[in-house]
Amino acid sequence: ETAQTGTSNGSSEWIKMDLGAVTNVTSVVVGSDFNGTLAGGWGKGWAENRNIEYSTDNINWTTAFNTGTFIQGIKTFSVSFSARYIRIFNSNNYIGLTEFYAN
């Protein structure tokens, strides 16, 4: 997996992984700085309520789920889709993660 960050239109932010080929994905893991100990104050609020999207072509994106709120530092989401690219996306704010990967 390779990861890339970016913004579009100056207001939305995303972190994207490239799985290298279209793959059947069964879980996505998202981790937050649950205790707010990282420099800069990147607490769990920067990972909460973010959309996870997937794509086979890096152009057309489908929303898989929303991360919701965190009651622990790392959440594993069971999913079932085929994708090459997976991103965590926020249309109007920043994103701060400690973990982001797929199986």
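Everything discussed here concerns the structure shown above.
Residues numbered from 1 in each chain as written. Predicted model: local features only at pLDDT ≥ 70, side-chain atom pairs only at ≥ 80, totals over all residues. Heavy atoms only, no water.

Some words on the overall build of the protein
Then, in step 1: Counting its secondary structure elements, the protein contains 0 helices and 6 strands.
Then, in step 2: Walking the protein from its N terminus toward its C terminus, one meets helices and strands in the order β-β-β-β-β-β.
Then, in step 3: Of all 103 residues assigned to the protein, the portion counted as buried reaches 42%.
Then, in step 4: Put simply, of all contacts in the protein between residues at least 6 apart along the chain, 68% involve residues at least 24 apart. (Helix = DSSP H or I, 4+ residues; strand = E, 2+ residues; numbered from the N terminus. Buried < 20%, exposed > 50% of the residue type's maximum accessible area, 1.4 Å probe, protein only. Contact = heavy atoms within 4.5 Å.)

As for a nonpolar patch on the surface
Then, in step 1: A contiguous nonpolar patch, built from Leu 38, Trp 42 and Tyr 94 and spanning about 300 Å² of accessible area, is present on the exposed surface.
Then, in step 2: Looking at the secondary structure, you find Tyr 94 in the loop between strand S5 (74-90) and strand S6 (99-102). (Patch = residues over 30% accessible without salt bridge, like charges linked within 9 Å, V, L, I, M, F, W, Y side chains within 5 Å. Areas by Shrake-Rupley, 256 points an atom, 1.4 Å probe, with all protein chains shown as cover. Salt bridge = Lys/Arg side-chain N within 4 Å of Asp/Glu carboxyl O.)

Quick notes on the nonpolar core
Across soluble globular proteins, nonpolar side chains have a tendency to be buried as a group.
Then, in step 1: Formed by 19 residues in total, the largest nonpolar core has its most connected members in Val 28, Val 30, Ile 52, Phe 81, Ile 86 and Phe 100.
Then, in step 2: For this core, the element with the most residues is S5, which contributes 6 residues. (Core = buried A, V, L, I, M, F, W, Y, C linked by side-chain atoms within 4.5 Å.)

A look at the packing of aromatic side chains
Then, in step 1: A complete count under the given rule lists 5 aromatic pairs for this structure.
Then, in step 2: Relative to Tyr 94, the ring of Trp 46 has its centre 6.1 Å away and its plane inclined at 55 degrees; by these criteria the two rings are tilted. Of the two residues, Trp 46 sits in the loop between strand S2 (12-31) and strand S3 (51-55) while Tyr 94 sits in the loop between S5 and S6, which places them 48 residues apart along the sequence.
Then, in step 3: On the accessibility criterion, Trp 46 (24% relative accessible area) is partly exposed.
Then, in step 4: Aromatic ring contacts, followed pair by pair, group Trp 42, Trp 46 and Tyr 94 into a single cluster.
Then, in step 5: Residue placement shows Lys 75 over the ring face of Phe 70; its charged tip is 5.1 Å from the ring centre.
Then, in step 6: Sitting over the ring of Trp 61, Arg 87 keeps its end group 4.1 Å from the ring centre. (Phe/Tyr/Trp six-rings, centres within 6.5 Å; stacked < 30°, edge-to-face > 60°. Lys NZ or Arg CZ within 6 Å of the ring centre and 35° of its normal.)

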